[in-house]
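Okay, here's what each chain looks like letter by letter:
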Amino acid sequence: MAEGDNISTFSVDGGQDTVGLPRIVMVTEGSDTSASSASSTSSSEDNWADLIKSSEIPPEYWHIQKLVKYMKAGNQTATMVALSCLKDHDLTIEVNQRAIQEIGGLELLVNLLETRDLCCILGGLAVLKDITPNIEIRKKVTDLGAIPLLVGLLSDPARDVQILAAETIANLGRIRKSRKFCRKFGGIPKLIDLLDIKERYLITPKEELNQDELQFLDVARAGAKALWSMSSSQRNREAMRKYGMIPLIARILKTIHLDVAVPAVGLLQLCANETSFQLAIQTEKMVDDLIKHLANEDKDLKTYCSLAIYKCASDAITRDMIREVGGLELLVEAAQDSTNRANKPLMAAVTGALWKCANSDASVKRLDQLGAVPILVRLLDDENDGVLTNVAGALAECAKYPPNRDKIRAAGGIPMLIHHLNNTHKPLLENVPLVLMECAKEQNCMTEIDELDGVRLIWSLLKNDSKKVQTNAALALSPCVQNAADSGEMVRSFVGALELTVDLLDSDDHNVLSAVCAAIATIARDHENLAVISDHGVVAKLSKLVSTTDDHLRANLGVAIAYCCDWAQNRQEFGKRGAITPLVNYMTSRDPNVHRATALALYHLSFYSINCVTMHAAGVVQFLLETIGSKDPILQEASAGCLCNIRKLALATEKIKLKQ
């Protein structure tokens, strides 16, 4: 056999091979797939042990081991023949992969990458590409030093070699060590160079391209696939930006070829974890291409497009772009498609994209026109926590638009939302109270929430160990208590609820404290409830918080202090605990909400004469004379009332002096 006879055996066929394509769906920062593979590795070890015990090792195992022996002992021609025969076996089967590994074939295959013979390099790469999806083999091949050799082969003039090297790197890149080595040995810029392809090849149907042009397309596909694998590392993503990948990936996104689009969009959605890439997607006009690919019937492509939208739609300009090019219509259509329900990664991505897009009035109105609310409510019966979390988040945004609250109720959403308050998935428990908070502002919804014991379940979330869950539950309590029929009696019927609420004022989280202060301000409007929370030491706890510099907390704290003054000696106690002077200092804030809350608190405190003296000494009059001219009627009235009480005290003092 001539040395060149088998070159075609190892060439890459049109790029249709997707073995080992990373199935990346929801990727969190710093995730590592090697960690998630530990359990599967141990189970495969058990399976292999069972196979050996049962003496059912197939004959292919021994045949493959003989071929590897020929490669070790033979000359160049024997090696080529053995590689050709090896490729005839299904190397994606674990038994066959074990056969190569256990006889030392991995070392031999890595060594072949250092030869100068094109046929041997192609043969070795073709085998490595097929066997490296195996986690154990990935680790072993990386430890044998394959990454620097593969990085070197990316610069080879033979495009077949570039393609196979890039695809092998894509498989190896699923472990952290390989990603680090690839960056360390200069693999990132070389992989980015593979993306540099003429736009004509990307937008021309394959049947109209010649063999060379198809191979250029395959090089770009393999490069995108390898970069996708590498992009699980934050440092690699930063290196990709630094080496100029953004304009190249923007060009690749214009492709009409599915096998190129999937890794390209997969790469982009992972890179979209970085703020710099989110901005680039907006400025490089990639949103149009993402929406175009979102319309594709391929489920994987639709998933990755939705994920990219999910990560970028936090920006208002990007949200507008998505809405203007018809992205909301496609997302609603995908959420409504019953054939997608079984595909949980797709449903999670689509509902997540809808959630983030709904964070603007214009988008909510467009979603309302598309009938999105009933579609989302129907998804509340899904069994996947990720889907439920995103659906609840989207409904919370939609419910900010008053007409949608009754639509949620009419579609049967309230019982399902309340049912999910018993869930243990914390991100879901963060979002469900926000939906109920908005719905509670509508009387019919509030009646249904009350009938289904929803308020008690929301209150029980204050015991959750997640600060975010506590915050959102406390925020939901305010409209629930405010709008419930006979809310005072309802609150007192929850055993330990008021004590639990007051105890949360010891939290070290400003968001929790702010939300709890808002809830206390509402609870304290009922005289009997105010008496109970006063007995639990609410005045002392609120007084400890007055030194805060957080304006959001100041605003709610001021209102809470105002309404807690109206019981027994609470006004006097606030004064004795030194709450007055810090409150006066709140008036230096630039936040009008802080001014309103502070004026209200000072007004209620000013009914005790010694408090008036303290306020006057702290210089409150100057501030009140400014705020009395405000256009805010609450601020204006509270400022005037406080000044009136201070003036009354001054007049009374003057009269006493005159009598004396």
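Residue numbering note: each chain is counted from 1, following its sequence as written. In keeping with the predicted nature of the model, local features appear solely for residues at pLDDT of at least 70, side-chain atom pairs appear and are counted solely at 80 or more, and the whole-chain, interface and lining totals rest on all residues. Each side-chain value is derived from all of the structure's non-hydrogen atoms; neither hydrogens nor water enter the calculation.

Per an unreviewed UniProt entry, the protein chain carries the name Armadillo repeat-containing protein gudu and comes from Euphydryas editha.

Q: Looking at this model, I keep getting lost on the overall build of the protein chain. Mind explaining?
A: Here a strand is any run of E in DSSP of at least two residues, a helix any run of H or I of at least four, and the numbering for each starts at the N terminus. Helix and strand counts for the protein chain stand at 44 helices and zero strands. In this treatment the radius of gyration is a C-alpha quantity, and the globule benchmark scales as 2.2 Å times the residue count to the 0.38 power. Taken over C-alpha atoms, the radius of gyration comes to 33 Å for the protein chain, far larger than the 26 Å a tight globule of 660 residues would show. With the principal axes as the frame, the protein chain shows a C-alpha extent of 125 × 55 × 45 Å. For the protein chain, contacts bridging at least 24 residues in sequence account for 76% of all contacts bridging at least 6. Only four residue types enter the charge count: Lys and Arg as positive, Asp and Glu as negative, with His and the chain ends excluded. To locate a charge, take atom NZ for lysine, CZ for arginine, CG for aspartate or CD for glutamate. In the protein chain, 71 positive and 82 negative side-chain charges are present, and the distance between their average locations comes to 6 Å. For this analysis, residues touch if any pair of their heavy atoms sits within 4.5 Å.

Q: Would you explain the nonpolar core in this entry?
A: It is characteristic of soluble globular proteins that their nonpolar side chains tend to be buried jointly. Definition used in this section: a nonpolar core is a set of buried Ala, Val, Leu, Ile, Met, Phe, Trp, Tyr and Cys residues joined via side-chain atoms within 4.5 Å. For each residue, the accessible area found with a 1.4 Å probe, counting protein chains only, is set against the maximum for its type, and the residue is called buried under 20%, exposed over 50%, and partly exposed in between. Counting 218 residues, the largest nonpolar core has L191, M240, I408, W459, L542 and I561 as the members making the most contacts within it. In contact with W459, not counting residues within four places along its chain, are L477, V481, V491, F494, A497, L498, L500, T501 and I523.

Q: Would you mind showing me how to read the packing of helix α6 (residues 105–112) against helix α7 (residues 118–131) here?
A: Helix-helix packing is described using two parameters, namely the angle between the two axes and the distance between the axes. The angle between two axes is taken between their N-to-C directions and runs from 0 to 180 degrees, where each axis is a line fitted to C-alpha atoms and a helix contributes only its stretch in contact. Where α6 contacts α7, the axes come no closer than 8 Å and their chain directions differ by 135°. Between α6 and α7, the interaxial angle falls into the category oblique. Relative to α7, the crossing made by α6 is left-handed. When α6 is examined against α7, the residues L106, L109 and L112 are found in contact with a partner set consisting of C120, I121, G124, V127, L128 and I131. For this classification, Asp, Glu, Lys and Arg are treated as charged, while Ala, Val, Leu, Ile, Met, Phe, Trp, Tyr, Cys and Pro are nonpolar and the rest, including Gly, are polar. For the contact of α6 with α7, the per-class residue count stands at eight nonpolar, one polar and no charged. Geometric relationships in this document are graded by angle, where less than 35 degrees denotes roughly parallel, more than 145 denotes roughly antiparallel, 65 to 115 denotes roughly perpendicular, and other angles denote oblique. For any helix crossing, the convention is left-handed if the near helix is rotated counterclockwise from the far helix by under a right angle, and right-handed if that rotation is clockwise.

Q: What is the right way to look at the packing of α7 against helix α10 (residues 159–172) in this model?
A: One way to put it is that α7 packs onto α10 with a least axis distance of 9 Å and a crossing angle of 30°. In this view, α7 runs roughly parallel relative to α10, as classed from their interaxial angle. For the pair α7 and α10, the crossing hand works out as left-handed. Facing L118, I121, L122, L125, A126, L128 and K129 of α7, the residues of α10 in contact are D160, V161, L164, A165, E167, T168 and N171. For the contact of α7 with α10, the class distribution of residues is nine nonpolar, two polar and three charged.

Q: Please clarify how the environment of K468 should be interpreted in this entry.
A: The topology assignment puts K468 in helix α32 (residues 467–483). For K468, a relative accessible area of 47% corresponds to the partly exposed category. Sequence separation between K468 and N431 is 37 residues, and the spatial gap between their C-alpha atoms is 9.5 Å.

Q: Could you clarify how one ought to interpret the confidence of the model for the protein chain in this entry?
A: It should be kept in mind that the predicted coordinates are not to be read in detail where pLDDT is low. Residue-level confidence of the predictor is summarised by pLDDT, bounded by 0 at the bottom and 100 at the top. Chain-level pLDDT for the protein chain is 90 on average; 91% of the residues reach the 70-or-more range. Taken together, the stretch residues 1–41 has pLDDT below 50 and engages in 96 contacts with residues farther than four places along the chain or on a different chain.

Q: What is the right way to look at the pattern of salt bridges in this model?
A: Oppositely charged side chains are able to pair whenever their charged atoms sit close together. One side-chain nitrogen of Lys or Arg within 4 Å of one carboxyl oxygen of Asp or Glu is enough to make a salt bridge. Tallying each qualifying case throughout the model produces 39 salt bridges. We note a salt bridge from K129 to E167, for which the minimum N-O separation is 3.8 Å. Of this pair, K129 sits in helix α7 while E167 sits in helix α10, and the two are 38 residues apart along the sequence. Given a relative accessible area of 9%, K129 falls into the buried group. Among the ionic pairs, D368 bridges to K407, the shortest N-O distance being 2.5 Å. Placement of the pair is D368 in helix α24 (residues 361–369) and K407 in helix α27 (residues 403–410), with a sequence separation of 39 residues. The network of salt bridges with common partners includes K87, K129, D130, E167, D218 and R221.

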